[in-house]
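# Residue-level structure breakdown
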Amino acid sequence: MGEFLQYTVNGALIGMLYAMIALAFNVIYRSGRILNFAQGEMVILGGFLVWWFFSFDMPLWLALLTGFGGSAVIGLLIERGIFRPMIGQPIFALVMVTIGLMILLRGLMLVIWGPAQRPFPEFFSRVPFIWGPIILNKAILWGGLISLAVFAGTSLLFEKTKWGLKLTVVAEDHQVAQSLGISVKWSIAFAWAISAVLSTFAAIVFLNASSLDFLASGIGLRALPVALLAGLESIWGLVLAGLIVGVGEALAGAYLDPYLGGGGMSEAFPYILMLFILMIRPQGLFGWKIIERV
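Conventions used here
- Residues numbered from 1 in each chain as written.
- Predicted model: local features only at pLDDT ≥ 70, side-chain atom pairs only at ≥ 80, totals over all residues.
- Heavy atoms only, no water.
- Helix = DSSP H or I, 4+ residues; strand = E, 2+ residues; numbered from the N terminus.
- Rg over C-alpha atoms; globule rule 2.2 N^0.38 Å.
- Buried < 20%, exposed > 50% of the residue type's maximum accessible area, 1.4 Å probe, protein only.
- Areas by Shrake-Rupley, 256 points an atom, 1.4 Å probe, with all protein chains shown as cover.
- Phe/Tyr/Trp six-rings, centres within 6.5 Å; stacked < 30°, edge-to-face > 60°.
- Lys NZ or Arg CZ within 6 Å of the ring centre and 35° of its normal.
- Core = buried A, V, L, I, M, F, W, Y, C linked by side-chain atoms within 4.5 Å.
- Contact = heavy atoms within 4.5 Å.
- Salt bridge = Lys/Arg side-chain N within 4 Å of Asp/Glu carboxyl O.

## A look at the overall build of the protein chain
- Scanning the protein chain for helices and strands turns up eleven helices and four strands.
- Taken over C-alpha atoms, the radius of gyration comes to 19 Å for the protein chain, in line with the 19 Å a tight globule of 294 residues would show.
- Reported as C-alpha extents along the three principal axes, the dimensions of the protein chain are approximately 60 × 50 × 35 Å.
- Here the protein chain, with 294 residues, has 49% of them falling under the buried criterion.
- Summing over all exposed atoms, the protein chain offers an accessible surface of approximately 14300 Å²; the carbon and sulfur share of this is 70%.

Here it is in structure tokens:
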């Protein structure tokens, strides 16, 4: 029983990390209807920025602030330089541009920082948190708890604030938003900045006291099933989807991989679940269902 609880709780916390990265997918999609396949690269780029500023002997808190600020600026530049000229283009073209952005960011990280692995700063203690039979990584534990606060703040932003309501209108229909005097371009740019900041937070949790290199960007593809499972417009749905994927992945790795030779069920589980749900509900579990009148 203790082993089962260990896998379940750790899987739930990993799922919250996936949900945080999926929220970055969500914010961009809600504003610009863009599914950003370069999300994993944005996570690692945020990590490189924090590490880079910390390497200048900055205090941890200052490295964090400058890392978040730098990632927000990069998000704005990506939207302004790459995606703003693509407004009105077919969805396929936007998808191909995000794939191009993924390759570009990988190349830039290699050119600027090289392929060598680097030790990432320790923002959370590596001493595990022990609760009865359960042993938890403190970075993942604190990351999961902070993620809940971030989800609450993001939900309030979209539902209670003027800026958030504008983003919600933009998510619904660009033409309607423009007719109401809302700047679609600036709303999308704001969403990219938020997404970049969320990606940097995910990097701090994911990379805490471990090795940093551009190959760790695969975390973005691990979070994609969470975003699609919940629905690309849902915020709180991402929490449930993250828990489902994280716990399912952990239990599959513990109880199915040993019987499958080389294993791999834990790697495949999120995608199998995603395909199954999307065949039943193409908009995801909590996505907006669009009804068109003819």
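Anyway, onward from the coordinates.
## Topic: the packing of aromatic side chains
- Enumeration over the complete set of coordinates arrives at nine aromatic pairs.
- Considering the side-chain rings of Phe 48 and Trp 113, the 4.7 Å spacing of their centres and the 5 degrees angle between planes classify their relative orientation as stacked. Taken together, the positions of Phe 48 in helix α2 (residues 39–54) and Trp 113 in helix α4 (residues 91–113) put the pair 65 residues apart, joining distant regions of the chain. An identical accessibility class is assigned to Phe 48 and Trp 113; each is buried.
- Ring centres of Trp 52 and Trp 113 lie 6.2 Å apart, and the angle between their planes is 75 degrees; on these two criteria the pair is classed as edge-to-face. With a gap of 61 residues between them, Trp 52 in helix α2 and Trp 113 in helix α4 connect regions that are remote in the sequence.
- Exposure remark for Trp 113: the relative accessible area of 9% places this residue in the buried category.
- In this arrangement the basic side chain of Arg 30 is found over the ring face of Phe 158, its NZ or CZ atom lying 4.4 Å from the centre.

## Focus on the nonpolar core
- Within the largest apolar cluster, 83 residues are counted, with the highest numbers of intra-cluster contacts made by Ile 44, Phe 120, Phe 151, Trp 192 and Leu 238.
- If you tally residues by element for this core, the top one is helix α1 (residues 2–32), at 14 residues.

## What about the environment of Phe 201?
- Assignment of secondary structure puts Phe 201 in helix α8 (residues 184–207).
- When neighbours within four sequence positions are excluded, Phe 201 is seen to be in contact with Met 20, Phe 68, Gly 143, Ile 146 and Ser 147.

## Some thoughts on the pattern of salt bridges
- Per the stated rule, a full pass over the model turns up four salt bridges.
- When the shortest N-O distance is used, the salt bridge between Arg 106 and Glu 41 registers 2.6 Å. Note that Arg 106 is positioned in helix α4 and Glu 41 in helix α2, a separation of 65 residues in sequence.
- With relative accessibility at 31%, the residue Arg 106 sits in the partly exposed group.
- Note on Glu 41: relative accessible area 2%, which makes it buried.
- Among the ionic pairs, Glu 79 bridges to Arg 84, the shortest N-O distance being 3.1 Å.
- When its relative accessible area of 1% is taken as the criterion, Glu 79 is described as buried.

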